[in-house]
Amino acid sequence: MEKVIELKDVWVRYGTQTILEAINFELKEPNGLLGIIGPNGGGKTTFLKVLLGLLKPYRGSVKLFGKPPEKSRELVGYVPQYRGFDFDFPISVWEVVLTGRISHTGFLKKYREEDKKAAEEALKTVEMFQYKDRQIGQLSGGQRQRVFIARALATNPKLLLLDEPNSGLDPHMQDELYRLLNRLKQEMAVVMVTHDLSAVSVYVDKIACLNRTFHYHNSREIPVEDLEATYQCPVELIAHGIPHRVLENHEENS
Amino acid sequence: MFDFLQYSFIQNALAAAVLASIACGIIGVYVVVKKIVFISGGIAHASFGGVGLGYYLGINPMFGILPFSLLSALVMGTVSKKSKIPEDSAIGILWSLGMALGIIFVYLTPGYAPDLMTYLFGNILTVPRSDLYFMLVLDIIILGAVYLFYKEFLALCFDEEFTTVQGLPTEKLYLFLLCIIALTIVVLIKVVGIILVIALLTIPASLSRKFTHNLKKMMLISIVFGTVISVTGIGLSYALDVPSGATIILVLSLVYGFAVFGMEILESRRNSGA
């Protein structure tokens, strides 16, 4: 069985600044939901860009399904952070999702029947098929997020990468999003990065912390030292509204 | 009343207006939705170097503009994507570099540079028939490219990063789009001139955006707008004996201003529940 993600001693620098430091990480299971948390500016988006092959680390090796990222792109679905998008863009939901098929269709060709089938199926999975003729600006934030997930699903990925998928969503929409990811994780490996600790919900199977360095213990529990090393301040994690402390008390200025 | 239509220079002008409106209607939509107005302006202005080169070599300046605008599209696209210079600074530098080269070439050319002004400000009433054929060929190339690359250009303009992740060569695709924009600029230069080209690339497309959310319909609507307005402009400039390029831009700006203003009034009335 091939490893989904394999990073060996990965370093990324912008100028003199080290963004990612000596990251070693393996994700073996072909399904499940991994949440990567870390503060803003901690290198989460950089980490995703390395996985997507958009950014070359200056040291170390990156492999997805045993191949370098540029070679494994047809197995990876990507849901970017949708801040800063131009939602006035003259494009319909249907056209957006079809762009997820563009590498399958081939250059200079029209979209084929099977591309349209894949797009339809993807839209039905996220329950957005009835909105297919809407211009994307005419959707709510949560609906738009699902359209971007459908676009990623249209590629038939084995690995789904999401960048801050919960930002800008109200608690109800976030909950819907997690239930959708919970369904998707049965069929593929899902990796989500977020700065929002409360996003680490009941549905996350494994958790990692990222702030320049990477902490991963192949489990759902985060040792409090890791969390504090990541956020560089005392953090209390109280998960999904259940009124009990998940982590031990920490001492101020110890 | 329509007897002025008999003049062959008027017929040529109308044909040029239609050919220019087709090119700018289609490509202007990409310029507007991808927000590359500034780099397009840069390509247009830098291509003045080609005008100068044409005079210097003693060939039809149109054949100087063509390679020069393509070259400036490639250089600007590459520099703005690859180098660490901020994109707008890089464009600003190349913009003026091209114009400076043009001025030097014109200066070095012995004798007087005839109709230099028509390349800067356009004069649709003096378009010769040979230039019309040249514009027609460029129109066919532009239409063919957009027909073949429609889905790739749409994906590129909407979300360049995602399209790269899909494994498409987005950098080459972007350079190709800039080259098509360069060809469009060559088509438009005779109509409104280098200085005013950017108006034809932005105004009809921006106006059509107010009426539809579909890229293909936007293209069709902006072709119609472009044609109607430039023909109106030609008529006005003939009747009032004022420069044609500037008149076309004035009419375009006025129509755009009234349309946007009118729509905003309508919208605020609707929102206030009247």
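Residues numbered from 1 in each chain as written. Chains lettered and ligands numbered in written order. Predicted model: local features only at pLDDT ≥ 70, side-chain atom pairs only at ≥ 80, totals over all residues.

**Concerning the overall build of chain A**
Line of reasoning, step 1. Scanning chain A for helices and strands turns up seven helices and nine strands.
Line of reasoning, step 2. For chain A, with 254 residues in total, the buried portion stands at 40%.
Line of reasoning, step 3. For chain A, the share of sequence-separated contacts (at least 6 apart) that also reach a separation of at least 24 residues comes to 66%. (Helix = DSSP H or I, 4+ residues; strand = E, 2+ residues; numbered from the N terminus. Buried ≥ 20, exposed ≤ 12 C-beta atoms within 10 Å, placed from the backbone. Contact = placed C-beta atoms within 7 Å.)

**Side note on the overall build of chain B**
Line of reasoning, step 1. Broken down by element type, chain B carries 13 helices and zero strands.
Line of reasoning, step 2. Along its sequence from the N terminus, chain B presents helices and strands in the succession α-α-α-α-α-α-α-α-α-α-α-α-α.
Line of reasoning, step 3. Relative to a compact globule of 274 residues, whose C-alpha radius of gyration would be 19 Å, chain B shows 19 Å and is just as compact.
Line of reasoning, step 4. Considering only C-alpha atoms, chain B reaches an extent of 65 × 55 × 30 Å along its principal axes.
Line of reasoning, step 5. Split into buried and exposed, the 274 residues of chain B put 49% on the buried side.
Line of reasoning, step 6. Sequence-distant contacts, at least 24 apart, represent 73% of the contacts inside chain B between residues at least 6 apart. (Rg over C-alpha atoms; globule rule 2.2 N^0.38 Å.)

**Structural notes on unusual backbone geometry**
Residues and elements named next belong to chain A.
Line of reasoning, step 1. One non-glycine residue with positive phi stands out, namely E127, at about 60°.
Line of reasoning, step 2. Topologically, E127 is positioned in the loop between α4 (113-125) and α5 (141-153).
Line of reasoning, step 3. Non-glycine residue N156 carries a positive phi angle of around 55°.
Line of reasoning, step 4. Of note, N156 is situated in the loop between α5 and β6 (159-163).
Line of reasoning, step 5. Residue classification places N156 among the partly exposed positions, given that 16 C-beta atoms sit within 10 Å.

**Description of the sheet that holds strand β9 (residues 213-216) of chain A**
Residues and elements named next belong to chain A.
Line of reasoning, step 1. With mixed pairing, the six strands of this open sheet are ordered in space as β5-β6-β7-β3-β8-β9. Of all the strands in the sheet, the pair left with one neighbour each is β5 (76-79) and β9. With strand direction ignored, the average angle separating the axes of adjacent strands in the sheet is 20°.
Line of reasoning, step 2. As defined by bridge partners, strand β3 (residues 32-37) adjoins strand β8 (residues 206-211) across four bridges and the pair is classed as parallel. Paired with G35 across the strands is I207, a residue of β8.
Line of reasoning, step 3. The strands that α5 touches are β5 and β6; relative to β5, the one it contacts most, it runs at about 165°. (Pairing = 2+ DSSP bridges. Axes fitted to C-alpha atoms, helices over the stretch in contact; angles between N-to-C directions.)

**Description of the sheet that holds strand β2 (residues 17-27) of chain A**
Residue and element names in this part refer to chain A.
Line of reasoning, step 1. Strand order in the open sheet formed by three strands is β2-β1-β4, and the pairing between neighbours is antiparallel. The strands lining the two open edges of the sheet, one partner per strand, are β2 and β4 (59-64). With strand direction ignored, the average angle separating the axes of adjacent strands in the sheet is 25°.
Line of reasoning, step 2. Strand direction decides the pairing type here: strand β1 (residues 5-14) and β4, joined by five bridges, are antiparallel. When the sheet's bridge partners are listed, E6 is paired in β4 with K63.
Line of reasoning, step 3. In this fold helix α1 (residues 44-52) packs onto β1, β2 and β4, with an angle of close to 120° to the strand it touches most, β1.

**A closer look at the environment of S206 of chain B**
All names here are of chain B.
Line of reasoning, step 1. The topology assignment puts S206 in helix α11 (residues 197-209).
Line of reasoning, step 2. Taking the number of C-beta atoms within 10 Å as the measure of exposure, S206 has 22 and is therefore buried.
Line of reasoning, step 3. As a C-alpha pair, S206 and A46 span 160 residues in sequence and 24 Å in three-dimensional space.
Line of reasoning, step 4. Contacts of S206, omitting those with residues within four sequence positions, involve V32 and Y256.

**Overview of the pairing of strand β7 (residues 189-194) of chain A**
Residue and element names in this part refer to chain A.
Line of reasoning, step 1. In terms of burial, β7 is largely enclosed, as six of its six residues are buried.
Line of reasoning, step 2. Alternating positions in β7 separate into two faces, A189, V191 and V193 on one and V190, M192 and T194 on the other, with burial throughout.
Line of reasoning, step 3. Bridging between β3 and β7 involves six bridges; their strand directions are parallel. Bridge pairing in β7 places I36 opposite V193.

**Here we look at the packing of helix α2 (residues 37-46) of chain B against helix α5 (residues 87-108) of chain B**
A packed helix pair is summarised by two numbers, namely the angle formed by the two axes and the spacing between the axes.
Residues and elements named next belong to chain B.
Line of reasoning, step 1. Taken N-terminus to C-terminus, the directions of α2 and α5 make an angle of 15°; their axes are 7 Å apart at the nearest point. Considering their axes alone, α2 and α5 lie roughly parallel with respect to each other. α5 is crossed by α2, and the crossing has left-handed handedness. In contact with F38, I39, G42, H45 and A46 of α2, α5 contributes D88, I91, L94, W95, L97, G98 and M99. (Parallel < 35°, antiparallel > 145°, perpendicular 65-115°, else oblique. Left-handed = near helix turned anticlockwise from the far one by under 90°.)

**Thoughts on helix α12 (residues 215-240) of chain B**
Line of reasoning, step 1. Taking 1.5 Å of rise per residue, 26 residues should cover 38 Å, and α12 of chain B covers 36 Å from first to last C-alpha, within 8% of that figure.
Line of reasoning, step 2. One or two residues past the end of α12 of chain B sits D241 of chain B, with phi positive at roughly 55°. (Expected span 1.5 Å × (residues − 1).)

**Topic: the confidence of the model for chain B**
Line of reasoning, step 1. On average, chain B scores 91 in pLDDT, and the residues at 70 or more come to 98%.
Line of reasoning, step 2. Model confidence for the complex: the whole-complex pTM is 0.89, and ipTM, which rates the interface, is 0.86. (pLDDT = per-residue confidence, 0-100.)

**A look at the environment of R59 of chain A**
Residue and element names in this part refer to chain A.
Line of reasoning, step 1. Structurally, the position occupied by R59 is in strand β4.
Line of reasoning, step 2. When the 12 C-beta atoms within 10 Å are taken as the criterion, R59 is described as exposed.
Line of reasoning, step 3. Taking the C-alpha atoms as reference points, R59 and E120, separated by 61 residues in sequence, lie 41 Å from one another.
Line of reasoning, step 4. Beyond its immediate chain neighbours, meaning those up to four positions away, R59 contacts D9 and W11.

**So, the packing of helix α3 (residues 48-57) of chain B against α5 of chain B**
All names here are of chain B.
Line of reasoning, step 1. Where α3 meets α5, the axes come as close as 7 Å, and the angle between the chain directions of the two elements is 15°. Taken as axis vectors, α3 and α5 run roughly parallel relative to one another. Regarding α3 and α5, the two cross each other, and that crossing is left-handed. Every residue of α5 that contacts α3 at F48, G49, V51, G52, L53, Y55 and Y56 is listed here: G98, M99, L101, G102, I103, I104, F105, V106 and L108.
Line of reasoning, step 2. Class assignment of the residues belonging to the contact of α3 with α5 gives a composition of twelve nonpolar, four polar and no charged. (Nonpolar A, V, L, I, M, F, W, Y, C, P; charged D, E, K, R; others polar.)

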